[in-house]
Amino acid sequence: MNNVKTPKACLQIQKDIVLGAYLSYSTNKALKEHLKTCPACRAFAELQANIKDRLTAEQSAQSPPERTLKQLHLHLADRLQERNATAWRRLRQLLAFRMRFDHAMAAVIVVICFVWGLGRLHTIYPPKSAKPIKYHADQSVIETAQATLLLRAAAEQKLGRPISEDSLYSRFTFTM
Amino acid sequence: MDWKILYSHRTDEALMARVQKGDARAMTVLYERYNRRLLVFFRRMLGGKQVAEDMLQETFLHLIDRAGLYDSAKKFSTWLFCIAYNLCKNEYRRRQRRKSSATIEDLLHSDYPLADNLTVDLHEEITSRFFLEAVFRELEKLGPERKSLFLLRCQQELSVHEIAEITGLAEGTVKSRLFYINKILADRLESFHPSPHKA
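Computed from a prediction, not measured in an experiment: that's the story for all the values here.

**Description of the overall build of chain A**
In terms of regular secondary structure, chain A is built from seven helices and two strands. Counting across all 176 residues of chain A, residues that qualify as buried make up 24%. The contacts in chain A between residues at least 6 apart in sequence include a share of 33% that link residues at least 24 apart.

Next comes the structure, spelled out in structure tokens:
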């Protein structure tokens, strides 16, 4: 670097020129006044303007390759296809749990059997905590558990052996 | 075309939001807005038409691949030049590893075209080219980081705030470095503008 002495005021002015876009109206006015009287700063400003002008001119002289845009379109289409395929694959994975078909069918049958069995068990052995369902008949309230007991007692007496609840309701009806 | 008129009124950020959804037209408009700016940036940063064209394509491929990462609250040009800046850094690292960094001579004898417009005064064109080559010869000496700061400010006319975001430097650092670079250029390019302050 050359041995250059620049006055402090000029240094500030030159900083302002470099960061020109940030100057207030008053600073800008002061800068213009200074440039009228200071050839060094004027030269600095002209150099800055010269560089910017030539760089801008250089930009407009560019001719971007035509093939690039075509390749970008292809890439974008690929990415879009890939994204859709990924979404579909995820959904399939979510549904199939990556299981084989026969395994999946076996699992479905086991679940159906379990639910059916649970239902049967509940019918044969109703939970003790279950509250009896009440219904209205001829303005008098009858509790189903009581009715079941009465019906079962009558049926067992008639058959001469114990009877399950399913058989009880399929073969006998409670009438008032 | 109708869609070009329609899309040309949209902001970069709105177009980028459409690119995120896979809109090829929005990408075309963004490409047309920025291709020259990026091309000239890469040519000055990395020297060479072919490299610059490859980098331009690479930048937009990154844009497509990482579209989901773009935050529409941020300025698009900052994000785009951030990608470009990082690509330049990677290229410099790659060149350093291979020890085949572009020399000043490469840049001076690069395949830089004269202006396409033949009506431009040839003398002016040659002077301009000579002047710019002198500027970039000096910038080469300052290193790639300072050259990129200079280009982002003087060539791309980005704000100090944007440059700080792109480079990851503090705004104060960007300001002081920009001044330092321009001061050095002014001192070293005295032959173009003789300074009366010389002792």
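**Brief notes about the packing of aromatic side chains**
Residues and elements named next belong to chain B. Applying the stated rule across the entire model yields nine aromatic pairs over all chains. An angle of 85° between the planes, with centres 5.7 Å apart, marks the rings of F41 and F81 as edge-to-face. Taken together, the residues F41 in helix 3 (residues 24-46) and F81 in helix 5 (residues 76-98) connect sequence positions 40 residues apart. Like F41, the residue F81 is buried in the burial classification. With 5.1 Å between their ring centres and 50° between their planes, Y70 and W79 make a pair best called tilted. Residue classification places Y70 among the buried residues on the basis of a relative accessible area of 5%. Across the ring face of Y7, the terminal group of R10 is positioned such that the distance to the ring centre comes to 4.9 Å.

**Concerning helix 2 (residues 12-20) of chain B**
Residues and elements named next belong to chain B. For helix 2, the set of buried residues is D12, L15, M16 and V19. Buried residues in helix 2, looked at end-on, bunch into an arc of 100°, giving them a common side. G22, located one to two residues past helix 2, shows a positive phi value of around 95°.

**A short note on the packing of helix 4 (residues 49-65) of chain B against helix 5 of chain B**
Residue and element names in this part refer to chain B. Running from N to C, helix 4 and helix 5 point in directions that differ by 130°, and their axes come no closer than 10 Å. Compared by their axis directions, helix 4 and helix 5 come out oblique. In this structure, helix 4 crosses over helix 5, and the sense of that crossing is right-handed. Two secondary-structure elements touch here, helix 4 through V51, M55, E58, T59, H62 and L63 and helix 5 through F76, W79, L80, I83, A84, L87, E91 and R95. Class assignment of the residues belonging to the contact of helix 4 with helix 5 gives a composition of nine nonpolar, two polar and three charged.

**Some thoughts on the packing of helix 2 (residues 25-37) of chain A against helix 3 (residues 39-60) of chain A**
Residues and elements named next belong to chain A. In the contact formed by helix 2 and helix 3, the axes pass within 6 Å of each other and the chain directions differ by 115°. Classified by the interaxial angle, the pair formed by helix 2 and helix 3 is roughly perpendicular. In this structure, the crossing between helix 2 and helix 3 has a hand that is left-handed. Across the interface between the two elements, H34, L35, K36 and T37 from helix 2 touch P39, C41, R42 and A45 from helix 3.

Calculation notes
- Every chain's residues receive numbers from 1 upward, in the order its sequence appears when written.
- Chain letters and ligand numbers both follow the written order, the letters beginning at A and the numbers at 1.
- The predicted origin of the model limits local features to residues at a pLDDT of at least 70 and limits the giving and counting of side-chain atom pairs to 80 or more, whereas totals for whole chains, interfaces and linings rest on all residues.
- Side-chain descriptors were evaluated using all non-hydrogen atoms of the structure, hydrogens and water having been removed beforehand.
- Helix and strand assignments follow DSSP, with helices taken as H or I runs no shorter than four residues and strands as E runs no shorter than two, numbered in order from the N terminus.
- We call a residue buried when its accessible area falls under 20% of the maximum for its residue type, exposed when it is over 50%, and partly exposed in between, using a 1.4 Å probe and counting protein chains only.
- Throughout, a contact is declared for two residues whenever any of their heavy atoms are within 4.5 Å.
- Planes of paired rings set the category: under 30 degrees apart is stacked, over 60 is edge-to-face and the rest tilted, where pairs are Phe, Tyr or Trp rings (Trp by its six-membered ring) whose centres lie within 6.5 Å.
- Throughout this description, the term charge over a ring refers to an Arg CZ or Lys NZ atom that lies within 6 Å of the ring centre and within 35 degrees of the ring normal.
- Taking the helix axis as origin, the arc is that swept by the directions to the C-beta atoms.
- Geometry is summarised by axes, namely lines fitted to C-alpha atoms with helices restricted to the contacting stretch, and by angles between N-to-C directions that run from 0 to 180 degrees.
- These descriptions rest on fixed angle ranges, namely under 35 degrees for roughly parallel, over 145 for roughly antiparallel, 65 to 115 for roughly perpendicular, and the rest for oblique.
- Crossing handedness is read from the near helix: turned anticlockwise from the far helix by less than a right angle, it gives a left-handed crossing, and turned clockwise, a right-handed one.
- Nonpolar residues are Ala, Val, Leu, Ile, Met, Phe, Trp, Tyr, Cys and Pro. Charged residues are Asp, Glu, Lys and Arg, and all others, Gly as well, are polar.

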